[in-house]
Amino acid sequence: MKREYRPKISCGEVSLFLLAFFVTTVLLSVVVFSTLEDRRKVFGGSFSEFEDEYNLKSMESTTVEEFEPIPVDWIKLSLRDVDTDEWKEYTNNWYGFNIKYPQDWKALTSRKPVAGDAWEYRYEFRMDQSENEYSGFDLVVYNATKIENVFATEEFPLLKKEQSQEGNDCESKKKDLIDSNMYSMEKVQSLLSDKCYEPVIFFSKSREKQLVSDKNYIYNVVATSNEENSEIEVDPTKEIGEKFPEFFVVALSLNLVDMKRLPPKPVITAPKPVSYKIDSLGRMVCKKDNDKPGKSKKDKDYHLDMECCLDPDEDPNPWCYYDPVKYGEYL
């Protein structure tokens, strides 16, 4: 059988082939790099800006998208960062609410309305120093039989001057200022960019009466500033979040509880006694230490006791206190 002839390849030939392949690869790389570098010099920019052209994408069709910064949720940040472990809690049984506030603040003050005020009572919580632009917050109580909703409260933002004229559509947009989805109470917020209303933020909660004897109330929690009538240059939410984050925590701590009201003291219409003394408890009692109850010598009919010394033929005077040991059988 005839053997097939195969030419022998020497080691030198293999080395020469590998060298030629290496040189060709280097030359192609230099040409590609030089082309891109020349274009960079002409058009400017970095090498990576032209990679899209070699991925079948044209530079002319590439746009730089501008992203708006993600808005900061100042309320959530405050709830996360503010430490409330040592805070005090104020409870008001008359209006049925409690609320927390920092432990180093001043003692609570309250005041009644004057002529022209729409609210029924105002509770003022203040810091114990005035370095902050904000002095604290107010909790304002409105009687809902007089003020129907939050739109009619004094804290609701005013129309901007240019929108105060008739014929604008801002009235229909005021509901958009209220957010009640994320919090335990309504957040009323008007941004600086709002075209209709002045910038403001406060929180509001309403009570619906459960019994006929109950009353409806609206409770507004609003931050108070040391700088009255100062021009607002940034959104109140952002400013409070940066300078007074405790406010958001305070406002969202408002909780409604059962109202507990003691019955009013009865009005006494009877005349006061003409003779008596005041005991250690502040009560009107008989001035005679050794008084002995007996029928009156002058009057035979029943009459009102005027000395706090009750006799069998006398009616007790509601102004007086009678010792039940001595006068019990006549009461």
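The structure we're discussing is the one just above.
Caption draft 1: View of a nonpolar patch on the surface. Where nonpolar side chains cluster on the molecular surface, the patch consists of L16, L19, F22, V23 and L27 and spans about 530 Å² of accessible area. By the element assignment, L16 lies in helix α1 (residues 11-43).

Caption draft 2: Seen up close, the state of the cysteines. Taken as a whole and assessed by the stated rule, the structure comprises 3 disulfides. Note that C286 is cross-linked by a disulfide to C309, the S-S spacing being 1.8 Å. Torsion about the S-S bond of the C286 and C309 cystine: about 90°, corresponding to right-handed handedness. Placement of C286 in the loop between β12 (284-285) and β13 (303-304) and of C309 in the loop between β13 and β14 (314-315) is noted, with a sequence separation of 23 residues between them. One disulfide bridge connects C308 with C320, the sulfur atoms lying 2.0 Å from each other. Between C308 and C320 the disulfide shows an S-S torsion of about -70°. By sign, it is left-handed. Here C308, found in the loop between β13 and β14, pairs with C320, found in the loop between β14 and α5 (324-327); they are 12 residues apart in sequence, far enough to count as distant. No difference in accessibility class separates C308 from C320, as the two residues are buried. The cystine pairing of the chain, numbering bonded cysteines in sequence order, is 1-2, 3-5, 4-6.

Caption draft 3: Main features of the pairing of strand β9 (residues 217-225). Most of β9 is tucked away, with 8 of its 9 residues classed as buried. Of the strand pairs in this sheet, strand β5 (residues 134-143) and β9 are connected by 9 bridges, and their pairing is antiparallel. Following the sheet pairing, L139 is matched in β9 by V221.

Caption draft 4: Here's a closer look at the sheet that holds strand β2 (residues 97-101). If you walk across this open sheet you meet the 3 strands as β1-β2-β10, and the pairing is antiparallel. The open sheet has two edge strands, β1 (88-92) and β10 (255-256), and neither has a second partner. As paired strands, β2 and β10 are joined by 2 bridges and run antiparallel to one another. Looking at the pairing, F97 lines up with L256 of β10.

Caption draft 5: Structural detail: the pairing of β1. Direction of pairing for β1 relative to β2: antiparallel, over a ladder of 5 bridges. In the sheet register, Y90 faces β2, and the bridge partner there is I99. What sits between β1 and β2 in their antiparallel hairpin is a turn of 4 residues, with G96 showing a positive phi close to 70°.

Caption draft 6: Expanded view of helix α2 (residues 74-81). Here α2 has its buried residues at W74, I75 and S78. An end-on view of α2 places all buried positions within 100° of arc, on one side of the element.

Caption draft 7: Representation of unusual backbone geometry within the structure. Located in the positive-phi region is C308, a residue other than glycine, with phi close to 65°. On the basis of relative accessibility, which here comes to 0%, the residue C308 falls in the buried class.

Caption draft 8: Spatial organisation of the side chain of D305. Inspection of the secondary structure puts D305 in the loop between β13 and β14. Although D305 is buried, it makes no salt bridge; K288 carries the closest opposite charge, 8.4 Å away. Within the structure, the side chain of D305 is placed 3.1 Å from the backbone nitrogen of C309, a separation counted as a polar contact. For D305, the residues in contact, after removing those within four places along its chain, are L310, E314, D315, N317 and Y322.

Caption draft 9: Quick look at the pattern of salt bridges. This model, assessed by the stated rule, comprises 13 salt bridges. One salt bridge connects E155 with R122, and the closest N-O pair in it is separated by 3.8 Å. One end of the pair, E155, is in the loop between β5 and β6 (178-179); the other, R122, is in strand β4 (residues 121-126), with 33 residues separating them in the sequence. Both residues of the pair, E155 and R122, count as buried. Here E242 makes a salt bridge to K238, at a shortest N to O gap of 2.7 Å.

Conventions adopted
- Residues numbered from 1 in each chain as written.
- Predicted model: local features only at pLDDT ≥ 70, side-chain atom pairs only at ≥ 80, totals over all residues.
- Heavy atoms only, no water.
- Patch = residues over 30% accessible without salt bridge, like charges linked within 9 Å, V, L, I, M, F, W, Y side chains within 5 Å.
- Areas by Shrake-Rupley, 256 points an atom, 1.4 Å probe, with all protein chains shown as cover.
- Salt bridge = Lys/Arg side-chain N within 4 Å of Asp/Glu carboxyl O.
- Helix = DSSP H or I, 4+ residues; strand = E, 2+ residues; numbered from the N terminus.
- Disulfide = S-S within 2.5 Å.
- Buried < 20%, exposed > 50% of the residue type's maximum accessible area, 1.4 Å probe, protein only.
- Pairing = 2+ DSSP bridges.
- Arc of directions from axis to C-beta.
- Lys, Arg positive; Asp, Glu negative; His and termini not counted.
- Polar contact = N/O pair within 3.5 Å; in protein donor to acceptor, adjacent residues only side chain to side chain.
- Contact = heavy atoms within 4.5 Å.

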